Structure formats: structure tokens, C-alpha cells
Amino acid sequence: MKLFLDTGDVDEVRRAAELGVIDGVTTNPTLIAKAGKGFRETVLAICAACPGGAISAEVVATDYDTMLKEALEIASWHDQIVVKVPLIEPGVRLVSTLSERGIRTNVTLVFSVSQALLAAKAGATYISNFVGRVDDVSGDGMEAVAATVEMVESYGFESEVLVASVRHPQHVVQAMAARAHVATMPYSVIAQLFKHPLTDIGLHRFLDDWNKAGLSIFSTVTA
Ligand code: E4P
């Protein structure tokens, strides 16, 4: 499963990219606004901070003609960019146009397998299925993810199912169980993936025993 970072914060992207386990970055208008700098400037800085990664940048218009203009502008900035498009009627039409032109797309705000079918048929590169926002209203966000993976695999669509709106490590585990292709998450969730109390206890004990014995990696002399 690919791991994407969900952020508009370039420092977070640099930090996560250094780990060598990040395959891309997703942004949205809220995250870009929070970053406090220009859209193009922020997206290009993210591309530079995550070389070779798929970097999603979203259109903000809601009519087809303006969405197309925005999409072509955004796609022209860098070849790592994936145009993010909301799952609305002109959005699906836009994804069809962009996929015919070989421009990669990430269809966002997908909450059901019926919406996902439209995105897949339009040729979406990624289908962003939001889970946290469904869980927030007492639903089960992962249900639509599992159904979408099943739909994409059984009909042979090329779209990758991207689990978005990830709030905690359990969502990541559930995304793997559903055989999702990608999960995008904030840096805080990536940091949580490292954590296990037995790792901390085990490391502490190893280092304690090593130090008590006066050992050194760079010397053959024992204390
Ligand atoms: C995905 O691409 C979205 O940017 C993101 O995952 C939304 O997450 P939220 O529901 O935590 O805002």
C-alpha cells in the first residue's frame, strides 16, 4: 500500500520524505489556505520536497469550463502534479477530459461506491474515499472503501483506491485489510505508526544492558 502525506506544510513533507516511505502528498484548499503562502508556490515547494512523488493539487471552480482552465494551469506547473477534482457532475466530465489528455487525476470527496464507479469509469488515477468524516457522523467509512476496492478489482478498472480523511493508525490497518492501494494521512498519524510501548521498553533495556557492560561498537577494548 502506498503512503501519502496529507498536508500543505512543506516542512512536514521534507521531514516525512526523509523517512523514505512516502509515495506522494495530498493537499486540499483548506490545507493550502492553512499553509499561508501562494498555491503555486506551496505546491512547487512540495514537489521539490518529495521528488518523484504524486502531488495532488485541487481545482476550486465548480463549473466545467473554469475547472478545465484551472486543471490545465495546475497540471502545467510540474509533472509530479495530479489534478484533484471533486466528485460533482462537471468534475466527472473534467476527469474524462483530463484522462483522455493523459493528465492524472485524484477524484476527491467520494463517500460511496456508486460515486466511485463514476470516478473509475471517467478514468480517475486515484479515487479518494473519505473515512474519518463518515465515522464522525456515526457511520462506517471503511465500508465504502472495501466496496470500492472490490468494484475496481472485479471490473478491472485502473483507478487506485485512496483512503483519505485518515484520523488514526487503526484507519491505516483497516485500509490494508480492505486492500486499498493508497492511504493518505497527516504527519501526526505517520508519527503514531512508529509507536509501540514494547519497542520503547525493549530499546531501553537493550541500551541499558549495553551501557552497563561498557561495550563500544568502535572499540575492541572492554571496560
Ligand atoms: C484528502 O485528500 C483530504 O485532503 C483529507 O484526507 C481530508 O481529511 P479530513 O477529513 O481530516 O479533513
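See the structure shown above.
Residues numbered from 1 in each chain as written. Predicted model: local features only at pLDDT ≥ 70, side-chain atom pairs only at ≥ 80, totals over all residues. Heavy atoms only, no water.

### Remarks on the sheet that holds strand E6 (residues 126-130)
Read around the closed barrel, eight strands run E1-E2-E3-E4-E5-E6-E7-E8, paired in parallel fashion. Across the sheet, the mean angle separating the axes of adjacent strands is 30° when strand polarity is ignored. One ladder, built from five bridges, connects E6 with strand E7 (residues 160-164); its direction is parallel. By the bridge assignment, asparagine 129 is partnered in E7 with valine 163. In the packing of helix H5 (residues 89-100) onto the sheet, the strands contacted are strand E4 (81-86) and strand E5 (105-110), and the crossing angle to E4 comes to about 155°. Sitting on the sheet, helix H6 (residues 113-122) touches E5 and E6, and the angle it makes with E5 is about 165°. (Pairing = 2+ DSSP bridges. Helix = DSSP H or I, 4+ residues; strand = E, 2+ residues; numbered from the N terminus. Axes fitted to C-alpha atoms, helices over the stretch in contact; angles between N-to-C directions. Contact = heavy atoms within 4.5 Å.)

### Considering the environment of valine 145
With respect to the helices and strands, the residue valine 145 is situated in helix H8 (residues 141-155). Note on valine 145: relative accessible area 0%, which makes it buried. Along the chain, valine 145 and valine 161 lie 16 residues apart, while their C-alpha atoms are 7.4 Å from each other. Look past the residues within four positions of valine 145 in its chain and what remains in contact with it is Asn129, Val131, Val161, Val163, Ala178 and Ala180. (Buried < 20%, exposed > 50% of the residue type's maximum accessible area, 1.4 Å probe, protein only.)

### Focus: the nonpolar core
With 58 residues, the main nonpolar core has Leu5, Val43, Leu94, Ile127, Val145, Val163 and Met185 as its most contacted residues. No other element matches helix H4 (residues 64-77), which puts six residues into this core. Beyond its immediate stretch of four places on either side in the chain, valine 163 contacts Asn129, Val131, Met142, Val145, Ala175, Ala180, Val182, Ala183 and Thr184. Core analysis: the next-biggest nonpolar cluster, separate from the first, contains eight residues, Ala54, Tyr126, Phe130 and Leu162 among them. (Core = buried A, V, L, I, M, F, W, Y, C linked by side-chain atoms within 4.5 Å.)

### As for the pattern of salt bridges
The final tally for this structure, using the stated rule, is five salt bridges. Here lysine 2 ties to glutamate 160 by a salt bridge, and the two come within 3.0 Å at their closest N and O atoms. Remark: glutamate 160 occurs in strand E7 and lysine 2 occurs in strand E1 (residues 2-6); sequence separation between them is 158 residues. Linking lysine 84 and glutamate 58 is a salt bridge whose minimum nitrogen-to-oxygen distance equals 3.9 Å. Of this pair, lysine 84 sits in strand E4 while glutamate 58 sits in strand E3 (residues 54-58), and the two are 26 residues apart along the sequence. For lysine 84, a relative accessible area of 5% translates into the label buried. (Salt bridge = Lys/Arg side-chain N within 4 Å of Asp/Glu carboxyl O.)

### What about a nonpolar patch on the surface?
Taken together, Trp210, Leu215, Ile217 and Phe218 make up a surface patch of nonpolar side chains, about 510 Å² in accessible area. By secondary structure assignment, the location of tryptophan 210 is in helix H11 (residues 197-212). On the basis of relative accessibility, which here comes to 36%, the residue tryptophan 210 falls in the partly exposed class. (Patch = residues over 30% accessible without salt bridge, like charges linked within 9 Å, V, L, I, M, F, W, Y side chains within 5 Å. Areas by Shrake-Rupley, 256 points an atom, 1.4 Å probe, with all protein chains shown as cover.)

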